[in-house]
Amino acid sequence: MTHLSRTTHGIAYDSTNDEIVAPNPLAAAVVIFRGGATGEEAPIRTLQGARTGLSRPETVAVDEKNNEIFVGDPGDRRVLVYKRDADGDAKPLRTIQGPKTKLLQVVGIAVDPIRDVLVVSTYSRLPGGVTGLLMFGRTDEGDVAPKRVIAGPKSGITRLRQIGLDPETGKIYAAVINNEYLPPYDIDKPRRGLDPNVDLPSPWNTGSEGFIGVWDDEKDDGDVPPRSLIKGRSTGIVHPAGVTFNARDGEVIAPDAVWNGLFTFLKPELFGRNAKGSQ
Amino acid sequence: MRRRVLLTLATVVGLSIVTIPSGAPSLEEMFVATTQAAEEAEGALCLMPEANDGARGSSRADDGQATQIAIPTRSDAEGGDLPPVRMVVDPYPSFNGVVVDSASDLVMMSDTNRKSLLIYDRTAGSATSKQAANPKQQIMGPDTGVGFVAGVAMDPVHRELFTVNNDVEDRLVVFDYDARGNVAPKRLLYVPHQSWGIAFAPKRDVMALSVQTPNMYVVFKREAKKFDAPIRSVRGPKTAMADPHGIYFDETHNEVVVGNHGNFRPGELITSYTAYDARESRQERTGDAFDESARGRFVPSSITIYDGDASGDVAPLRTIQGPTSQVDWPMGVAVDEVNNEIVVANNGDNSILVFPRTANGDVQPKRAIRGALTGIKGPMGVAVAKDEIWVANFGDHTALVFPRLAGGNVAPRRILRNAPAGKETSGFGNPYAVAYDTKRREVLVPN
């Protein structure tokens, strides 16, 4: 009844309208629940169908100021924007797609309605593909180049997933997972082109250590390190795939699939003056 | 009817707090330390957020005495290597797949939470014990290749244990019967991304794996390893598979039974590549020549039954589907080949459904085990052996054993616990995203 799947790589909470938004990549849908939903409760709205343009939605964000839902869809390498209350087989208001966009495996999306910035996390193994953060204008449409790109060795990003954005400060919170997924699987010839004796990354040692990185959505551009980060043995996180924050209490929250757990860090200095613990 | 959201959208309101030792030199040691820390702190229920004397949290120990946990009011260590102020980690296993070896009187279950395989005596557990049962063996550690595991199988003839990783790791690992601890698998087979169930067919010496996103099952030789390809697959629109999970190879009647959640995307959108690279591969292959009108849809959950020799895009022989059937998010499926019944772990409504093996259409189950007395909570795996039905609970730290003919709201004959009674599960299954509900001050975690 919920129309959720066991594979849900994104989620957003709309505090203005008290709604939960989640993608279902296995059914090419986005489902919206009331904020207090519990149990096997049906969504109050569902985006799905040929007109929606959804093929494998991975990540969602809500622009509460402008009443829009943003969807990152790596299935067709694009960003789709809908009216917040769109329902059914609804056509997107805008689509960002095309070679200039550098959109590939779109896995995180966040919007800053104050500075009119749209941030997308994307990665790729393709030659010339970008693995990093792309900053677009909030109302950009079509085959447009990102205004700024945060990527490169100084950024520490080798792979990333969900992102969050605090419009009050313009800070981007990125789950830089930095693990390695396996090469593509071809059912007729698995791991085509690989040395048959190669050992692929194990689940226990899948690459460099991940972290939560913080960047500025207007000031940062290029191969720049994070302004703040949560990383290291004391943190408990190894390959964080998600991130959000509780600005009121100055907390950054991240799940980690290695531990199958959820970690909360106190970082009041990152938030506005109203955060508890800030000075 | 709560299970679906509890499984997929865990709302974290009560937090267990542990402190992670710092300075561990390796990932492996850190994992062990984290688990031990979680075990030591287990039972501490967070009473966040109000603070006393500068601390931001307190805990309630098992004896009911509230004790302060030393949580700093801020943590801004330079370099970002700072300890968490709270951590939700379930220190106990969470059962997923289940298989019984009747000849050796063993039962094996996969553990998604701590990433292990657990093997018990088939008669382990009791109706009344509140304590965790001791496994005969546990296979766990960085060398095992056991990660976010789901389906399991046992081969008593060749004395081999099988489990398949559902996500990230994309591999099936095989161990000897007496393996334990942090041991390397005797064989490793790379499998399609999102493989979930294993159906072992000993007479044919093959195993069939269900694969979620491509809506298919693939068949490998038992001894397949490394990059060996499947010997055949069943996939395509005629199959009517939609997000398949449980799978069983009924060699007595030469049929394969598959449980489908009902999430569907048409084949045009799918490649044989992993979900993570599907689009890249598809564009490279097709030069953007894909069907824009081909999109997703929801179909009712179903049980589909195929000819055991099926290959390619073939229709099921029979389909159990519809409101009368009550099939709702079927996870594990099993066939009682002697008594001609199909048994379904019906995750959507916390029940076990039993159908005649030849059932077809929107038919009522012969029996349903459902209700508060049953203890069924988030059933994932199911197995039938020696006139008993085994149920692996994901929503509780238990596996349940019922008489084969049990029906209705009945207590299990035995309960096998992997944690002391009353310990709740986190419900996490490879969490990859999170959101914060500012209104309720809750953390939302989809699986």
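The shown structure was predicted, so the numbers you read here are calculated from the model rather than taken from an experiment.

Draft legend 1. Main features of the overall build of chain B. Along its length, chain B carries 3 helices and 33 strands. Looking at chain B residue by residue over its 447 residues, the buried ones come to 58%. For chain B, the share of sequence-separated contacts (at least 6 apart) that also reach a separation of at least 24 residues comes to 54%.

Draft legend 2. Representation of the overall build of chain A within the structure. In terms of regular secondary structure, chain A is built from 0 helices and 19 strands. Relative to the compact-globule value of 19 Å for 279 residues, chain A shows a C-alpha radius of gyration of 18 Å, a close match. Overall size of chain A, expressed as C-alpha extent along the three principal axes, is 55 × 50 × 40 Å. In chain A, buried positions account for 60% of the 279 residues.

Draft legend 3. Main features of the sheet that holds strand S19 (residues 261-266) of chain A. If you trace the 4 strands from one edge of the open sheet to the other, you get S17(A)-S18(A)-S19(A)-S5(B), paired in antiparallel fashion. Two strands in the sheet have a free side with no partner beyond their single neighbour: strand S17 (244-246) of chain A together with strand S5 (86-88) of chain B. Pairs of neighbouring strands in the sheet enclose a mean axial angle of 20 degrees, with direction left out of account. As paired strands, S19 of chain A and S5 of chain B are joined by 3 bridges and run antiparallel to one another. Pairing of Thr264 of chain A across the sheet is with Arg86 of chain B, part of S5 of chain B.

Draft legend 4. Main features of the environment of Val219 of chain B. Residue and element names in this part refer to chain B. Residue placement: Val219 occurs in strand S16 (residues 216-221). Separated by 12 residues in sequence, Val219 and Met207 have C-alpha atoms that sit 5.6 Å apart. Discounting chain neighbours no more than four positions away, the residues touching Val219 are Val206, Ala208, Pro230, Ile231 and Arg232.

Draft legend 5. Highlighting the sheet that holds strand S7 (residues 78-83) of chain A. Residue and element names in this part refer to chain A. Taken together, 4 strands build an open sheet; the order of strands is S5-S6-S7-S8 and the sheet is antiparallel. At either margin of the open sheet sits one strand with a lone partner, and together these are strand S5 (59-63) and strand S8 (94-97). Strand-to-strand twist of the sheet, defined as the mean angle between neighbouring strand axes without regard to direction, takes the value 15 degrees. Note: strand S6 (residues 68-73) against S7, 6 bridges, orientation antiparallel. If you follow Ile69 over to S7, its bridge partner there is Tyr82.

Draft legend 6. Spatial organisation of unusual backbone geometry. The phi dihedral of Asn67 of chain A falls on the positive side, at around 55 degrees, and the residue is not glycine. With respect to the helices and strands, the residue Asn67 of chain A is situated in the loop between S5 and S6. The exposure class assigned to Asn67 of chain A is partly exposed, which follows from the 15 C-beta atoms found within 10 Å. Despite not being glycine, Trp329 of chain B shows a phi value in the positive range, around 55 degrees. Judged by local crowding, Trp329 of chain B falls into the buried class, with 28 C-beta atoms found within 10 Å.

Draft legend 7. Representation of the nonpolar core. Residue and element names in this part refer to chain B. One finds Val98, Met108, Ile352 and Val382 to be the most contacted residues of the largest nonpolar core, which totals 195 residues. Mapped onto the domain boundaries, this core takes at least three residues apiece from domain 1 (3-89 + 428-446) and domain 2 (95-262 + 299-417). Residues within four places of Ile352 in sequence aside, it is in contact with Val343, Val344, Ala345, Asn346, Ala368, Ile369, Ile376, Pro379, Val382, Ile389 and Val391.

Draft legend 8. Inspection of the pairing of strand S13 (residues 163-166) of chain A at higher detail. Residues and elements named next belong to chain A. Across 4 bridges, the pairing between S13 and strand S14 (residues 171-176) is antiparallel. Considered in S14, the bridge of Ile163 is made with Ala174. Between S13 and S14, which follow one another and run antiparallel, lie 4 residues, and Gly170 among them has a positive phi close to 75 degrees.

Draft legend 9. Structural view of the environment of Ala254 of chain A. Relative to the assigned elements, Ala254 of chain A resides in strand S18 (residues 251-256). Considering only alpha carbons, one finds Ala254 of chain A and Lys83 of chain A, 171 residues apart in sequence, at a separation of 29 Å. Sequence-distant contacts of Ala254 of chain A, defined by excluding residues within four places in its chain, comprise Ala175, Ile212, Ile237, Pro240, Gly242, Val243 and Phe263 of chain A together with Val434 of chain B.

Draft legend 10. Focus on the confidence of the model for chain B. All names here are of chain B. Mean pLDDT for chain B: 83, with 76% of residues reaching 70 or above. Here residues 38-76 scores under 50 on pLDDT; set against residues more than four positions off or in separate chains, the count is 73 contacts. In the model, residues 269-279 has pLDDT below 50 throughout and makes 36 contacts with residues more than four positions away in sequence or in other chains. Interface scoring of the predicted complex returns ipTM 0.96; its pTM is 0.89.

Draft legend 11. The arrangement of the pairing of strand S19 (residues 255-260) of chain B in detail. All names here are of chain B. The buried fraction of S19 amounts to 6 of the 6 residues, a majority that puts the element mostly inside the structure. Burial along S19 is two-sided: Glu255, Val257 and Gly259 facing one way and Val256, Val258 and Asn260 facing the other are all buried. The sheet contact formed by strand S18 (residues 244-250) and S19 spans 5 bridges and is antiparallel. Residue pairing for S19: Ile247 is matched across the bridge by Val258. Across 6 bridges, the pairing between S19 and strand S22 (residues 302-307) is antiparallel. Its bridge partner being in S22, Val257 is matched across the sheet by Ile305.

What counts, and at which threshold
Residues numbered from 1 in each chain as written. Chains lettered and ligands numbered in written order. Predicted model: local features only at pLDDT ≥ 70, side-chain atom pairs only at ≥ 80, totals over all residues. Helix = DSSP H or I, 4+ residues; strand = E, 2+ residues; numbered from the N terminus. Buried ≥ 20, exposed ≤ 12 C-beta atoms within 10 Å, placed from the backbone. Contact = placed C-beta atoms within 7 Å. Rg over C-alpha atoms; globule rule 2.2 N^0.38 Å. Pairing = 2+ DSSP bridges. Axes fitted to C-alpha atoms, helices over the stretch in contact; angles between N-to-C directions. Core = buried A, V, L, I, M, F, W, Y, C linked by C-beta atoms within 7 Å. Domains from an automatic or database assignment. pLDDT = per-residue confidence, 0-100.

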